[in-house]
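Remarks on the overall topology
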Amino acid sequence: MSLVIGLTGGIASGKSAVSNLFKEMDITVVDADIEARLAVMKGESAYVKILAEFGEDILLDNGEIDRQRLGSIIFYQEEKRQILNEIVHPEVRKRMRDQVEQAIKNSEEVVVLDIPLLFESKLTYMVDKTLLVYVNDETQLKRLIERNNLSEGDARARIRSQMPLSDKIKLADAVIDNNGSIADTKKQLLEILEQFGITKNNHN
Ligand SMILES: CC(C)(COP(=O)(O)OP(=O)(O)OC[C@H]1O[C@@H](n2cnc3c(N)ncnc32)[C@H](O)[C@@H]1O)[C@@H](O)C(=O)NCCC(=O)NCCS
Ligand SMILES: Nc1ncnc2c1ncn2[C@@H]1O[C@H](COP(=O)(O)OP(=O)(O)OP(=O)(O)O)[C@@H](O)[C@H]1O
């Protein structure tokens, strides 16, 4: 039986950095952000629903969704965020479930689901273990501003759209402190995999 690990954190806390470490070990990672992106491509059912709800103003010239514009609405208005979540999340769950089934069929020892909103959306039933990537408030804000080139206000609005990392710590089976270097993070990840009883021998 495969072990399904739910990898979570906050925006810009370092989930992709940890995902990359899993991928280096040849462990399958299913990324909810990527699935959410695919689910809203032109012509998909979620695309049609988003258009009906938010109007043509949120489209780019090529007919695809203007993600920046949609973000500027939903990260500032909770009720709009709820509406978008209700459209997109069921599609994302379906896509992730299919990929987990495939990994199980392939007898993979471990499969990782990278889900930013694992706790907020109560998706822990989909995984066996939860792993949180934690950073302090200051590091999170700084890395988010730098990575996405955001104003401090926009970065804070995104962070406020999620459960605080200090609350997520209490819910997770294991926590990686990603305030330090990637090497520090890798060391912690290897210890956690051992705790989880994962026997993959390519941890170098
Ligand atoms: C609002 C959208 C268009 C902004 O797109 P953009 O390319 O700027 O950001 P991206 O999708 O890469 O998300 C970046 C991060 O924002 C955070 N985030 C995204 N959506 C949400 C949300 N609904 N609530 C809280 N945080 C969110 C996550 O930490 C995510 O990792 C997009 O995030 C979206 O469609 N969100 C709804 C779907 C969703 O909840 N995705 C998150 C995982 S399922
Ligand atoms: N240990 C680290 N040291 C220095 N920079 C880091 C470290 N971990 C991540 N970063 C940087 O911080 C930023 C956020 O990391 P990453 O993209 O992995 O976060 P994320 O949790 O996947 O974010 P999101 O959910 O918003 O996509 C990136 O620019 C990344 O290069």
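Heads up: the structure comes first, above all this text.
Residues numbered from 1 in each chain as written. Chains lettered and ligands numbered in written order. Predicted model: local features only at pLDDT ≥ 70, side-chain atom pairs only at ≥ 80, totals over all residues. Heavy atoms only, no water.

Most peptide bonds take the trans form, and the phi angle of most residues other than glycine is negative. Its identity as a non-glycine residue notwithstanding, A12 has a phi of 60 degrees, on the positive side. Along the chain, the position of A12 falls in the loop between β1 (3-9) and α1 (15-24). Since its relative accessible area comes to 12%, A12 is described here as buried. Residue S107 is not a glycine yet carries a positive backbone phi of 55 degrees. With respect to the helices and strands, the residue S107 is situated in the loop between α5 (78-105) and β3 (110-114). Residue S107 is classed as exposed on the basis of its relative accessible area, which comes to 63%. (Helix = DSSP H or I, 4+ residues; strand = E, 2+ residues; numbered from the N terminus. Buried < 20%, exposed > 50% of the residue type's maximum accessible area, 1.4 Å probe, protein only.)

On to the sheet that holds β3, then. The parallel open sheet is built from 5 strands, whose spatial order is β2-β3-β1-β4-β5. Single-partner strands in this sheet number two, and they are β2 (28-31) and β5 (174-177). The average angle at which neighbouring strand axes cross in this sheet is 25 degrees, direction not considered. Lying on the sheet, α1 is in contact with β1, β2, β3, β4 (129-134) and β5; it crosses β1 at an angle near 150 degrees. Against the sheet, helix α2 (residues 32-39) makes contact with β2 and β3, and its axis sits at roughly 50 degrees relative to β2, the strand it touches most. (Pairing = 2+ DSSP bridges. Axes fitted to C-alpha atoms, helices over the stretch in contact; angles between N-to-C directions. Contact = heavy atoms within 4.5 Å.)

All right, on to the site of ligand 2 then. Neighbouring ligand 2 are 15 residues; K15, S16, R147, N178 and G180 lie closest to it. The backbone of A12 places a nitrogen or oxygen atom 3.0 Å from an oxygen atom of ligand 2. Taken by itself ligand 2 offers 630 Å² of open surface, and the protein chains cover 74% of this. Those elements that provide at least two residues to the shell around ligand 2 are α1 and α6 (137-148). Take the shell around ligand 2: its biggest share by element is 3 residues, from α1. Within the shell around ligand 2, the residues separate by chemical class into 4 nonpolar, 7 polar and 4 charged. (Near = heavy atom within 4 Å. Polar contact = N/O pair within 3.5 Å; in protein donor to acceptor, adjacent residues only side chain to side chain. Areas by Shrake-Rupley, 256 points an atom, 1.4 Å probe, with all protein chains shown as cover. Nonpolar A, V, L, I, M, F, W, Y, C, P; charged D, E, K, R; others polar.)

This brings us to the site of ligand 1. Taken together, 19 residues surround ligand 1, and among them D33, R67, N85, H89 and Q162 come closest. For ligand 1, a nitrogen atom lies 2.8 Å from a polar atom in the side chain of N85. Between ligand 1 and H89 there is a distance of 2.6 Å, counted from an oxygen atom to a side-chain nitrogen or oxygen. At the level of secondary structure, the elements contributing two or more residues to the shell around ligand 1 comprise α2, α4 (67-74) and α5. The biggest single contributor to the shell around ligand 1 is α5, with 5 residues. Of the residues that constitute the shell around ligand 1, the class distribution is 9 nonpolar, 5 polar and 5 charged.

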